[in-house]
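The chain contents come next:
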Protein chains: 8
Amino acid sequence: MNINDILERVRRRELDTASAAELLRTPAYDDLGYAMVDHQRSLRTGESEVIYCAGKTPGQIAGIFQNMISRGAKNILATRADAEAYRSVAEHVPDIQYHASARIITLRRAPQTVREHGILVACAGTSDLPVADEAAVTAEFLGNRVERISDVGVAGLHRLLSKLDGVRRADVIIVAAGMEGALASVVGGLTDKPVIAVPTSVGYGASFGGLAALLAMLNCCASGVGVVNIDNGFGAAFLANSIVRLAEKYAKS
Amino acid sequence: MNINDILERVRRRELDTASAAELLRTPAYDDLGYAMVDHQRSLRTGESEVIYCAGKTPGQIAGIFQNMISRGAKNILATRADAEAYRSVAEHVPDIQYHASARIITLRRAPQTVREHGILVACAGTSDLPVADEAAVTAEFLGNRVERISDVGVAGLHRLLSKLDGVRRADVIIVAAGMEGALASVVGGLTDKPVIAVPTSVGYGASFGGLAALLAMLNCCASGVGVVNIDNGFGAAFLANSIVRLAEKYAKS
Amino acid sequence: MNINDILERVRRRELDTASAAELLRTPAYDDLGYAMVDHQRSLRTGESEVIYCAGKTPGQIAGIFQNMISRGAKNILATRADAEAYRSVAEHVPDIQYHASARIITLRRAPQTVREHGILVACAGTSDLPVADEAAVTAEFLGNRVERISDVGVAGLHRLLSKLDGVRRADVIIVAAGMEGALASVVGGLTDKPVIAVPTSVGYGASFGGLAALLAMLNCCASGVGVVNIDNGFGAAFLANSIVRLAEKYAKS
Amino acid sequence: MNINDILERVRRRELDTASAAELLRTPAYDDLGYAMVDHQRSLRTGESEVIYCAGKTPGQIAGIFQNMISRGAKNILATRADAEAYRSVAEHVPDIQYHASARIITLRRAPQTVREHGILVACAGTSDLPVADEAAVTAEFLGNRVERISDVGVAGLHRLLSKLDGVRRADVIIVAAGMEGALASVVGGLTDKPVIAVPTSVGYGASFGGLAALLAMLNCCASGVGVVNIDNGFGAAFLANSIVRLAEKYAKS
Amino acid sequence: MNINDILERVRRRELDTASAAELLRTPAYDDLGYAMVDHQRSLRTGESEVIYCAGKTPGQIAGIFQNMISRGAKNILATRADAEAYRSVAEHVPDIQYHASARIITLRRAPQTVREHGILVACAGTSDLPVADEAAVTAEFLGNRVERISDVGVAGLHRLLSKLDGVRRADVIIVAAGMEGALASVVGGLTDKPVIAVPTSVGYGASFGGLAALLAMLNCCASGVGVVNIDNGFGAAFLANSIVRLAEKYAKS
Amino acid sequence: MNINDILERVRRRELDTASAAELLRTPAYDDLGYAMVDHQRSLRTGESEVIYCAGKTPGQIAGIFQNMISRGAKNILATRADAEAYRSVAEHVPDIQYHASARIITLRRAPQTVREHGILVACAGTSDLPVADEAAVTAEFLGNRVERISDVGVAGLHRLLSKLDGVRRADVIIVAAGMEGALASVVGGLTDKPVIAVPTSVGYGASFGGLAALLAMLNCCASGVGVVNIDNGFGAAFLANSIVRLAEKYAKS
Amino acid sequence: MNINDILERVRRRELDTASAAELLRTPAYDDLGYAMVDHQRSLRTGESEVIYCAGKTPGQIAGIFQNMISRGAKNILATRADAEAYRSVAEHVPDIQYHASARIITLRRAPQTVREHGILVACAGTSDLPVADEAAVTAEFLGNRVERISDVGVAGLHRLLSKLDGVRRADVIIVAAGMEGALASVVGGLTDKPVIAVPTSVGYGASFGGLAALLAMLNCCASGVGVVNIDNGFGAAFLANSIVRLAEKYAKS
Amino acid sequence: MNINDILERVRRRELDTASAAELLRTPAYDDLGYAMVDHQRSLRTGESEVIYCAGKTPGQIAGIFQNMISRGAKNILATRADAEAYRSVAEHVPDIQYHASARIITLRRAPQTVREHGILVACAGTSDLPVADEAAVTAEFLGNRVERISDVGVAGLHRLLSKLDGVRRADVIIVAAGMEGALASVVGGLTDKPVIAVPTSVGYGASFGGLAALLAMLNCCASGVGVVNIDNGFGAAFLANSIVRLAEKYAKS
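Residues numbered from 1 in each chain as written. Chains lettered and ligands numbered in written order. Predicted model: local features only at pLDDT ≥ 70, side-chain atom pairs only at ≥ 80, totals over all residues. Heavy atoms only, no water.

1. Focus: the relation of the copies chain A and chain B
The criterion, for reference: Copy-to-copy superposition: least squares on the C-alpha atoms, limited to residues that have pLDDT of at least 70 in both copies. Throughout, a contact is declared for two residues whenever any of their heavy atoms are within 4.5 Å.
When chain A is fitted onto chain B, the two copies agree to an RMSD of 0.0 Å after a turn of 180 degrees and an axial shift of 0.0 Å. Taken together, these values place the two copies in the relation of a two-fold axis. Most of the interface of chain A is mirrored in chain B, where 100% of its interface residues are also at the interface.

2. Looking at the interface of chain A and chain B
Applied cut-off: Buried area: the accessible area, evaluated with a 1.4 Å probe, that two parts lose upon being put together, summed over both parts. Just to be clear on terms, a salt bridge is a Lys or Arg side-chain nitrogen sitting within 4 Å of an Asp or Glu carboxyl oxygen. Under this definition, polar contacts are N or O atom pairs within 3.5 Å; protein pairs additionally need one hydrogen-donor-capable and one acceptor-capable atom, and for neighbouring residues in sequence, both atoms have to be side-chain atoms.
The interface is formed by 42 residues belonging to chain A together with 42 residues belonging to chain B. For the pairing of chain A and chain B, the buried interface totals around 3500 Å² over both sides, and the portion due to carbon and sulfur atoms is 56%. In this structure, the connection of chain A to chain B is made through 4 salt bridges. The partner of R245 of chain B in a salt bridge is D192 of chain A, with the nearest N and O atoms 3.9 Å apart. At the surface where chain A touches chain B, the tally comes to 7 residue pairs in polar contact (both at pLDDT 80 or more).

3. Looking at the packing of helix α4 (residues 58-70) of chain G against helix α5 (residues 83-92) of chain G
All names here are of chain G. What counts, and what does not: Note on geometry: axes are C-alpha line fits, over the in-contact stretch for helices, and angles between N-to-C directions span 0 to 180 degrees. A run of DSSP states H or I qualifies as a helix once it reaches four residues; a run of E qualifies as a strand once it reaches two. Both are numbered from the N-terminal end. Roughly parallel refers to an angle under 35 degrees, roughly antiparallel to one over 145, roughly perpendicular to one between 65 and 115, and oblique to any angle outside these ranges. Crossing handedness: left-handed means the near helix sits turned counterclockwise from the far one by under a right angle, and right-handed means the same turn made clockwise. Each residue receives one of three labels: charged for Asp, Glu, Lys and Arg, nonpolar for Ala, Val, Leu, Ile, Met, Phe, Trp, Tyr, Cys and Pro, and polar for the others, Gly being one of them.
Two numbers describe how α4 lies on α5: the axes approach to 8 Å, and their chain directions differ by 40 degrees. Here α4 is positioned oblique relative to α5, judged by the angle of their axes. When the axes of α4 and α5 are compared, the crossing they make is right-handed. On the side of α4, the interface is formed by P58, G59, I61, A62, F65 and Q66, while α5 contributes E84, A85, S88, V89 and H92. Taken together, the residues that form the contact of α4 with α5 break down as 6 nonpolar, 4 polar and 1 charged.

4. Topic: the domain arrangement of chain A
Residue and element names in this part refer to chain A. Selection rule: Domain start and end points were adopted from an automatic or database domain assignment.
Considered domain by domain, chain A is made up of domain 1 (3-108) and domain 2 (118-252). Taken together, the 19 residues of domain 1 in the interface contact 15 residues of domain 2. When domain 1 packs against domain 2, the two sides together hide about 1300 Å² of surface, and 60% of this comes from carbon and sulfur. In this assembly, domain 1 and domain 2 are joined by 4 residue pairs in polar contact (both at pLDDT 80 or more). Elements that contribute at least two residues to the side of domain 1 that touches domain 2 include exactly β3 (49-52), β4 (75-79) and β6 (104-108). Taken together, the residues of the side of domain 1 that touches domain 2 sort by class into 6 nonpolar, 8 polar and 5 charged.

Encoded structure:
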């Protein structure tokens with residue numbers, strides 16, 4: 001429980017103040033010097049642990065893995081991890097798995113039931129695959145059924161139209177596209193499900209590192225499209241997961 | 001039904017080809033010269049009709065209203081409508097309603113049940129209200145229960161924290177914020193529900209018309225946040241509605 | 001003939017040097033102080049006279065019209081002309097015509113045969129109409145058969161697909177679109193004819209005055225698409241005309 | 001045939017619905033996992049196969065070549081291919097050719113008649129040569145007669161003027177220029193043929209990777225100039241080819 | 001004399017320290033509250049007084065004029081002055097002159113010999129005239145012989161080439177051009193004299209308020225071109241004047 | 001006290017939990033619908049009340065004034081207030097004062113001792129005065145002794161150098177400058193006191209609304225310079241005040 | 001003493017003019033060819049010597065160290081120094097210390113008393129550590145007591161809130177944050193002490209090298225926040241130090 | 001002579017048409033395939049040959065050197081040349097000289113008198129030296145007397161002020177500065193000679209590769225400053241040389 005939760009409970013009279021005071025003194029994380037490892041995030045956001053590896057040394061990443069495990073973590077996802085980071089972690093935690101194209105390390109020690117609801121990850125071109133992979137691996141790690149359709153750029157509409165079944169079946173659709181990012185608009189016009197658009201940095205010249213796709217997606221003429229940061233496949237999957245979990249919650253109730 | 005639906009049905013053998021050919025010859029929209037009014041959108045996207053008024057003359061807007069009504073539309077929402085547009089439409093359709101702050105015209109002739117699931121619309125400052133209003137009026141028009149919290153910018157965290165009940169109750173949260181747009185990050189860290197961030201053009205100097213807030217929201221350190229275009233309150237509500245509808249569908253099944 | 005043409009002809013021995021020297025002394029334009037009116041442009045580019053009115057006063061525009069007519073011009077096209085410019089010119093040249101939506105003044109005193117080859121002007125939304133009109137009026141002025149399809153944005157693909165006959169019939173296609181500009185990509189993927197994309201300044205927020213559409217069109221994943229400046233309907237039509245004229249030339253030979 | 005073609009034919013009664021249903025079930029492409037190879041593009045766009053290599057591994061590129069050949073492709077053009085990609089493909093397809101400066105791999109097994117109509121590729125400086133080469137090699141691959149003039153920047157106008165014969169002979173002119181990109185304006189003023197401008201990323205400082213040339217070309221004061229993406233020699237040639245093919249079609253008819 | 005001059009003279013033993021101390025206590029300017037009017041600038045920079053009017057009220061501008069005159073100023077140039085500023089000053093200083101197109105007020109009470117050396121002000125289009133006028137009026141005010149050539153954009157090279165005599169005669173050339181700003185490159189290639197390029201904010205769409213012309217001029221492939229701020233005709237003339245004055249100084253010595 | 005303060009006190013055993021619970025239920029602000037008026041901010045930040053008027057209607061501004069007064073506020077500062085806002089407030093609160101150049105409304109009912117420590121507000125040109133005024137009026141409202149030096153741009157170094165006494169006397173220096181913003185660097189090099197730089201939107205062309213000055217100030221080669229938003233005179237004064245208050249606190253202790 | 005100091009003293013009659021003239025002839029720095037080493041800066045700014053190493057060769061850096069020491073420098077701080085620079089200096093000056101994460105070399109030969117006043121350096125994530133380290137090492141070198149809190153990004157507010165004691169204890173707070181930079185706003189809202197915000201280049205995609213955080217911090221809705229350049233930990237510490245020194249000065253008086 | 005010169009002479013009756021025709025057929029340059037080497041440029045611009053090496057292979061650069069020499073060139077300057085280019089040329093032309101910091105190769109076989117007039121090259125910091133060196137080496141190659149002052153950034157004004165003699169002596173001043181580029185403004189305010197400002201890419205963070213310095217210099221509040229491209233030391237020297245040559249011409253006449 002974080003501070004606000006404790007306060008909340010005091011206010012709702014679910015917690016007496018002595019216990020509250022006790023809780024307030026117990027650190028909810030470990031300070032490794034280079035990182036504060038938060039052992040209540042899974043409780044708070046309802047998911048397993050996540051590490052963002054960019055800008056961290058292989059040694060730091062391994063250290064975070066070990067600290068998390070020592071505090072009871074079963075399932076860990078580490079994004080933007082290169083092969084060196086993988087090898088560094090694997091020395092101490094041999095049962096991790098490396099998804100090279102997605103640049104993701106996963107540890108899965110606790111079993112996870114797969115939801116019925118499905119997330120579709122569509123990408124415009126072969127070059128968008130790493131971002132689409134980051135989204136797909138993340139979504140699967142979070143317990144979702146993931147379907148994939150690749151290389152369905154809008155310059156060859158018939159390819160996309162031949163995959164309409166997949167679009168219709170999905171509960172949430174993630175669209176990864178670089179260059180002019182038009183796939184998000186076209187998919188958004190074909191469905192009434194939530195669409196999450198991920199601009200990719202694929203392209204050259206006036207794509208300006210994904211800016212062209214980003215602006216296009218934000219200006220999407222189809223309504224019902226939310227955009228995440230350039231190349232942020234993880235964020236797209238995380239948002240998709242929060243949507244599916246909401247549906248799941250009401251399905252159960 | 002649109003062309004692809006017809007094709008789908010033929011492929012699924014739900015429709016014989018003669019009927020399909022007949023359908024293909026019937027126009028699914030009216031061409032008013034200045035606009036193609038689409039009479040199947042409500043069917044296709046499951047919602048009522050929507051008009052985007054910016055760049056259209058009052059006369060054109062009134063013309064689209066009349067055409068839609070003549071073809072059976074009961075509920076119409078028109079965004080970015082100024083007072084002149086409202087007066088022009090009201091001459092022919094007196095039972096419309098004008099939401100001045102949100103710049104929205106609504107026509108509601110068919111009753112609409114309000115969903116149990118709730119959308120929270122939070123805004124950072126008083127100046128963000130018009131965008132938050134556009135989101136709230138749209139969400140209500142689409143059948144959602146809407147809660148509002150206003151003026152909860154991150155420089156006064158305690159205001160936001162005092163409204164945590166509202167944050168917890170919501171199924172989907174829309175955050176409208178200009179300036180540095182930090183409210184999206186803070187709210188995103190307090191909830192595990194889907195958050196839709198709307199940067200507003202509120203600010204001056206280096207806010208560059210909302211660019212600062214837009215970039216901040218895209219770089220949001222909290223996961224699970226999707227971003228729509230600057231000032232696009234409508235788009236945020238439309239996306240939130242598609243998420244709630246998904247939950248509703250599974251609740252019913 | 002301009003200086004280089006004269007030189008060319010001397011080199012090709014088509015012109016004796018005495019005549020050449022004479023030609024070099026004859027001014028090929030009138031200097032009105034505020035503008036040099038070029039009376040050989042029609043000869044050189046093979047078209048009628050054109051005036052770009054933005055940044056010129058109504059009086060200057062009227063002066064240029066009169067000078068051109070006094071030197072024998074029959075057909076004149078003036079773009080970016082507001083109503084005041086029109087009235088100013090009409091006082092002296094009553095047989096001009098004003099195309100309000102396209103903001104174009106035309107004078108047509110010499111008859112013009114209409115080519116068989118056709119130019120299609122497609123626009124994504126109602127708000128793009130003024131730019132599409134500038135393109136269409138220009139293309140017609142230059143002697144082309146023009147077909148129009150409006151309001152065929154990619155979020156409603158079936159509208160565009162229902163107009164495929166028009167796309168197939170055209171020899172050159174001009175696509176005017178604001179917001180995310182995706183129509184250029186989709187049309188470019190449906191045809192093997194030259195496509196000229198005109199980004200429009202339609203949109204708000206992160207469209208940044210047409211920048212989003214411009215970048216998208218430049219990054220168009222469909223090959224065979226050339227882009228002109230934001231809102232430059234005239235330039236698109238001029239380029240389309242030069243393409244059709246090339247085809248015409250070979251058809252005649 | 002793609003889905004829309006099939007539909008078209010049904011509507012035109014050129015195809016009975018049973019055959020149509022059959023065609024709909026036959027995949028028109030191969031899904032290699034990392035790419036969907038489209039075996040009907042040549043039919044649809046009237047050209048041979050094209051591969052964009054940037055962002056693909058040498059292995060993937062070789063795989064796409066082999067799949068295309070196995071399905072009957074005779075002529076293949078692969079752009080943005082480095083030497084490693086070339087070697088990887090050459091192991092399996094020894095009769096390919098590598099154009100180092102243009103970074104293009106070509107396979108030519110079917111003979112191709114060369115059109116009478118000519119494309120001129122002009123470039124402003126020595127440093128623009130790789131982009132001009134990409135344009136020239138592509139245009140030749142597509143069956144065009146290509147003429148080249150190099151190093152004719154506007155700071156030495158007399159060089160360009162000494163090449164006016166070439167400019168006059170061409171049916172379509174491609175201009176590749178970095179730095180201030182002024183060559184497009186000057187050439188555009190000297191001809192009434194279609195001009196396709198390719199900004200290159202040549203330059204330093206405030207050229208901002210080709211942005212200066214791109215903006216200059218879009219603001220070109222000469223009419224009749226279409227612009228493609230920075231360094232996109234392929235796209236310029238593809239557009240030029242579509243223009244020449246149009247002329248050719250009418251010449252034949 | 002300013003503080004550094006005084007110090008210099010002390011160091012060079014040209015001034016005894018008592019006199020220096022005295023000078024240091026005498027204010028060299030008047031503090032009007034809203035402006036410090038510097039009565040030594042003409043001494044220091046060798047020119048008459050200059051006022052930049054943008055952002056100052058008509059009353060403030062009139063106040064500065066009056067203060068300068070009261071302290072002995074004979075010749076004053078005020079740039080970016082609108083008609084209201086002119087009227088406000090003229091009430092108190094009736095012998096001023098207003099150059100409407102150049103938006104300049106001049107006061108000339110002391111006679112000025114005109115230099116033999118000439119400055120050429122060339123502009124690309126009619127719309128660039130106000131900026132060219134600001135440069136020309138300023139250069140004349142500073143005592144230079146000014147020649148003008150207008151409307152010589154690079155899309156009509158023959159116009160410029162027909163004016164080569166003027167280009168050759170000039171000692172310094174100012175080029176004012178908007179849109180793609182290519183005139184600076186072409187003129188720079190035709191002369192070995194110093195060229196000062198002034199980008200103008202003329203243009204639309206992707207000219208981005210003169211940015212396109214500015215970048216083009218900075219990337220000018222012709223060497224020997226210096227650039228000043230967008231629309232800064234005054235600055236170009238001031239720089240040109242400092243160059244001509246240098247030549248004049250050596251001619252005299 | 002805000003929520004966190006309450007919690008803090010509980011943790012420090014300064015507050016018993018019953019009182020804490022009570023406090024938690026008492027709203028610390030009034031919700032006016034369009035604004036949450038925070039009646040604990042003065043307590044929390046140690047200053048009087050502040051209203052940012054941009055984007056608020058005159059009626060809303062008057063409403064906030066009245067609410068604040070009704071809850072006991074004595075001193076109120078309202079920035080970015082135009083004359084209409086002033087008149088609207090003055091109808092209900094006649095003892096306010098309007099600072100036209102600074103666009104500030106002040107209410108001062110409680111007396112305020114003026115600190116001994118001084119803030120210097122320097123501005124580069126006459127056009128920067130409104131921003132400098134916003135800073136000066138704010139700093140005085142917050143109880144500081146303010147000195148002003150105006151029109152000391154770096155092109156006339158001697159003016160600035162003649163004011164060195166003022167620079168030396170100040171405890172904190174605010175520098176407001178547009179155009180190239182170099183005054184911050186020069187002042188920063190002349191003092192070892194904290195310097196707060198405010199870029200202003202003064203300038204034209206490539207100043208891009210203050211961007212040039214902003215970037216220059218951020219890249220300031222003198223150390224010890226902090227930058228606030230473009231035209232943010234209020235923010236500069238607020239920061240300066242927090243620095244002076246810190247010094248004051250230690251002087252007292 | 002620099003020139004202006006000398007002049008000042010003359011004006012204040014603290015220095016006779018003969019001594020002044022002598023001082024003016026004595027160089028106050030050594031010209032090493034590649035750098036002018038200033039031996040009066042410490043006197044002038046009240047601190048030890050500082051070297052900015054970026055863009056200097058290891059040999060040049062060593063040369064500057066040696067020259068400074070030869071002229072009496074005791075304490076030297078060198079920022080942006082890589083390991084190679086460290087090794088190059090250590091050959092000649094073995095008693096230097098290298099702070100690898102902060103990329104700083106320090107030489108400390110004169111003892112330094114540590115101030116009572118404290119500077120808090122807070123950073124949002126592990127990846128911001130190098131910038132926070134540059135700030136912390138610099139602040140300590142300058143004689144300050146430094147406290148650190150790391151990894152307190154706003155997506156996990158409770159971490160920050162659990163550290164409120166540290167925030168309250170500090171006299172000046174430095175906040176280093178990349179991505180959306182929201183930590184500055186939140187911290188600014190929790191304190192009334194001066195806050196110095198350092199945007200870091202941490203992030204990807206639309207963070208555009210720290211631009212997103214920079215804009216966010218400039219638009220900070222909390223007042224009293226000054227911003228320094230992206231990644232400029234040194235500048236933040238230097239400004240913080242000048243603030244603390246001011247407080248110290250008044251505490252002593 | 002170029003085409004226009006020939007034409008000019010024909011028009012002035014200085015050349016009969018037969019000779020003119022002959023001249024027109026003689027190529028004035030050699031086409032090496034990868035470059036057109038222009039053997040009349042020295043005639044036309046009055047200087048020796050110049051090669052811009054960036055984007056050219058060492059082999060191409062050596063080839064151009066050899067061609068120029070074979071056609072009679074005596075003095076050659078090659079900019080942006082790395083050590084490898086130098087070695088490649090030196091194999092064939094051993095008497096070249098390499099200026100490593102300036103990245104320039106020079107060949108000097110014809111003696112050159114040094115002008116009396118002097119060019120001052122001032123640079124703000126040690127890191128700006130390579131750009132200042134490019135300017136100085138170029139200016140010397142072109143026959144100018146060059147003086148240098150280094151490391152005179154505006155944060156230490158006294159260093160610059162101590163070098164005022166050099167500033168006063170110079171006829172033209174080149175200022176190279178990165179970061180905030182304020183040196184150009186300060187120098188511009190201290191002199192009435194032409195100032196040429198070269199922004200350098202020195203800096204980090206919000207210097208954006210020299211953009212901050214570029215914008216600052218364009219917005220320079222001192223009049224009489226012309227700006228060249230970022231890092232373009234060569235261009236600054238070339239412009240300075242054209243100014244000095246003009247003075248020289250009048251001194252001789």
